[in-house]
Amino acid sequence: MQNTPNFIYDLHSHTTHSDGSLTAEELLTRADIKQIGALAITDHDTISGLNVAKQFIAEQQLKLKLVNGVEISTKWHGFEIHIVGLCFDQDNTALNELLSRQQAARKERAKLMALKLEKKGFAGIYQQAYELAGSDHISRTHFAKALIANGAVAHFNGAFKKYLGKGKSAYVAAEWVSIEDAVSAINEANGLAVLAHPVRYDMSNKWLAKLVAQFADAGGAALEVGMTQISPNQRAHLQRLAQQHQLYSSVGSDFHAPARWIELGRHLKLTEQCVPIWQHPKWRFA
Ligand code: AMP
Ligand code: MN
Ligand code: MN
Ligand code: MN
């Protein structure tokens, strides 16, 4: 029942359909090698990888089960809060309309960020980011890669600290939807809304309590409790919040690219106090 070695769930991962470095096919191959039982591909504001993934699983006759997924950016009191949607009907109109809005907001933000970066001397950065993204679905990760390629910074963290992070010189706040709109669209599509990486928002416990309460009121289903880099104290705190609001618990590596410190399905165990999201009545594989 729990995330046992026999059946490993990883319900948060990225591909080249957003800012991941592996294609859907490469990610699935890796998940298969790592003996993942169920994988959710949760690209930022797009579900364009899901059909590709389904086709590949069928062709290769992989044992692994796919879970429909997406990670929606939302705007909340100056924070960017990520809501993972799982198990939804991918043809649902409300969800697809919301994702189109998000994609338009992302395009607009990319243009404005590129203008700021160009004024700082990075001529042609939009084109570079566009090529790295392979489309106009451009993430800050692609700008970070372009800045590294230009020698402006040595690594990702530097790019976010100096240019791309909240309040930094090339930061532009995107016109993301609200938490309520994201959760409603996921629920309309008969899916489950998960508050992604709740301990990564750099907010006080007081704000976090307020966020979880509002997310639960909006119809959210679960907190992402099983994460790779989380302290025992943080985990205990999230478990209490989940219990308090009768929320289920989800697990996800947030895998973006092969690296030493992160792996699909690794270190995602839930304790007995948590009710895993796969026990939710609406849980279903793709
Ligand atoms: P976006 O969705 O375009 O706003 O880009 C946000 C993405 O940038 C996140 O999903 C992460 O993958 C990445 N990111 C955010 N902050 C950092 C950071 N400090 N270092 C490296 N990557 C980051
Ligand atoms: Mn990302
Ligand atoms: Mn996220
Ligand atoms: Mn993510």
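Check the entry above for the structure.
All of the points below concern the structure found in this document. Note that the structure is a prediction, hence the values are computed from the model and not measured. (Residues numbered from 1 in each chain as written. Chains lettered and ligands numbered in written order. Predicted model: local features only at pLDDT ≥ 70, side-chain atom pairs only at ≥ 80, totals over all residues. Heavy atoms only, no water.)

1. Brief notes about the sheet that holds strand E8 (residues 248–251)
- What the five strands build is an open sheet, ordered E4-E5-E6-E7-E8; its pairing is mixed. Of all the strands in the sheet, the pair left with one neighbour each is strand E4 (69–76) and E8. Across the sheet, the mean angle from the axis of one strand to that of its neighbour is 40°, orientation sign disregarded.
- Helix-sheet contacts for helix H7 (residues 179–188) involve E4, strand E5 (79–86) and strand E6 (192–195), and the interaxial angle to E5 is about 5°.
- Of the strands in this sheet, strand E7 (222–226) and E8 are in contact with helix H9 (residues 232–244), which crosses E7 at around 155°. (Pairing = 2+ DSSP bridges. Helix = DSSP H or I, 4+ residues; strand = E, 2+ residues; numbered from the N terminus. Axes fitted to C-alpha atoms, helices over the stretch in contact; angles between N-to-C directions. Contact = heavy atoms within 4.5 Å.)

2. Digging into the coordination of the manganese ion (ligand 4)
- Surrounding the manganese ion (ligand 4) are the protein donor atoms His12 (NE2), His14 (NE2), Glu71 (OE) and Asp254 (OD), which sit 2.1 to 2.2 Å from the metal.
- In primary-sequence terms, the residues that donate to the manganese ion (ligand 4) follow H-x1-H-x56-E-x182-D.
- The manganese ion (ligand 2) is placed at 4.7 Å from the manganese ion (ligand 4). Of this pair, His14 sits in the loop between strand E1 (8–10) and helix H1 (24–33) while Asp254 sits in the segment after E8, placing them 240 residues apart in sequence.
- For His14, a relative accessible area of 0% corresponds to the buried category. (Donors = N, O, S within 2.8 Å, 3.2 Å for Na, K, Ca; no water. Buried < 20%, exposed > 50% of the residue type's maximum accessible area, 1.4 Å probe, protein only.)

3. Let's talk about the pattern of salt bridges
- The tally for this structure, following the rule as stated, stands at seven salt bridges.
- Ionic pairing is found between Arg30 and Glu263, a salt bridge with its closest N-O pair at 2.8 Å. Of this pair, Arg30 sits in helix H1 while Glu263 sits in the segment after E8, placing them 233 residues apart in sequence.
- Exposure remark for Glu263: the relative accessible area of 8% places this residue in the buried category.
- Within the structure, one salt-bridge network assembled from shared partners comprises Arg30, Lys34 and Glu263. (Salt bridge = Lys/Arg side-chain N within 4 Å of Asp/Glu carboxyl O.)

4. A few points about the nonpolar core
- Counting residues in hydrophobic clusters, the biggest one holds 72 residues, and the most contacted among them are Leu11, Ile81, Ile83, Leu86 and Trp283.
- When near neighbours in sequence (up to four residues on either side) are disregarded, Trp283 contacts Tyr9, Leu11, Val67, Leu86, Cys87, Leu192, Ile277 and Trp278.
- Membership of the second largest hydrophobic core comes to 19 residues, among which are Phe122, Ile125, Ala129 and Val153. (Core = buried A, V, L, I, M, F, W, Y, C linked by side-chain atoms within 4.5 Å.)

5. Let's talk about the site of ligand 1
- Taken together, the residues surrounding ligand 1 are Asp19, His44, Arg106, Arg109, Ser139, Arg140, Thr141, Phe156, Asn157, Phe160 and His256.
- In this structure, a nitrogen atom belonging to ligand 1 sits 3.3 Å away from a side-chain N or O atom of Asn157.
- A distance of 3.0 Å separates an oxygen atom of ligand 1 from a polar atom in the side chain of His256.
- In isolation ligand 1 has 500 Å² of accessible area, and contact with the protein removes 74% of it. (Near = heavy atom within 4 Å. Polar contact = N/O pair within 3.5 Å; in protein donor to acceptor, adjacent residues only side chain to side chain. Areas by Shrake-Rupley, 256 points an atom, 1.4 Å probe, with all protein chains shown as cover.)

6. Re the pairing of strand E2 (residues 36–40)
- Of all the five residues making up E2, five are buried; the element is thus mostly covered by neighbouring parts of the structure.
- Here E1 pairs with E2 via three bridges, running parallel. Note on E2: the bridge partner recorded for Tyr9 is Ala38.
- The β-α-β motif built from E1, the intervening H1 and the parallel element E2 has right-handed crossover chirality.
- Relative to strand E3 (residues 65–67), E2 runs parallel, the two being bridged by three bridges. Bridge pairing in E3 links Leu39 to Leu66.
- For the crossover that starts at E2, traverses helix H2 (residues 50–60) and ends in the parallel E3, the hand is right-handed. (Right-handed = clockwise from strand over helix to strand, strands pointing away.)

7. Focus: unusual backbone geometry
- Positive phi, close to 65°, is recorded for Asn190, a residue that is not glycine.
- Mapping Asn190 onto the fold places it in the loop between H7 and E6.
- Assessed through its relative accessible area of 41%, Asn190 is described here as partly exposed.

8. A look at the side chain of Gln102
- Following the sequence through the fold, Gln102 ends up in helix H3 (residues 93–119).
- For Gln102, the residues in contact, after removing those within four places along its chain, are Asp45, Ile72, Ser73, Trp176 and Val177.

9. Brief notes about the coordination of the manganese ion (ligand 2)
- Listed as protein donors to the manganese ion (ligand 2) are Asp19 (OD), Asp19 (OD), His44 (NE2) and His256 (NE2); their distances from the metal cover 2.1 to 2.8 Å.
- Coordination at the manganese ion (ligand 2) is irregular, judged from the six donor atoms that bind it and the angles of 51 to 154° they form at the metal.
- In the primary structure, the donors to the manganese ion (ligand 2) are separated according to the pattern D-x24-H-x211-H.
- A spacing of 5.6 Å is found between the manganese ion (ligand 2) and the manganese ion (ligand 3). One end of the pair, His44, is in the loop between E2 and H2; the other, His256, is in the segment after E8, with 212 residues separating them in the sequence. (Tetrahedral: all angles 85-135°; square planar, octahedral: opposite > 155°, others 65-115°.)

10. As for the environment of Val172
- Considering the arrangement of structural elements, one finds Val172 in the loop between helix H6 (156–164) and H7.
- A relative accessible area of 12% places Val172 in the buried class.
- Sequence separation between Val172 and Gly134 is 38 residues, and the spatial gap between their C-alpha atoms is 22 Å.
- Every residue in contact with Val172, bar those within four places of it in the chain, is listed here: Arg109, Leu112, Met113 and Lys116.

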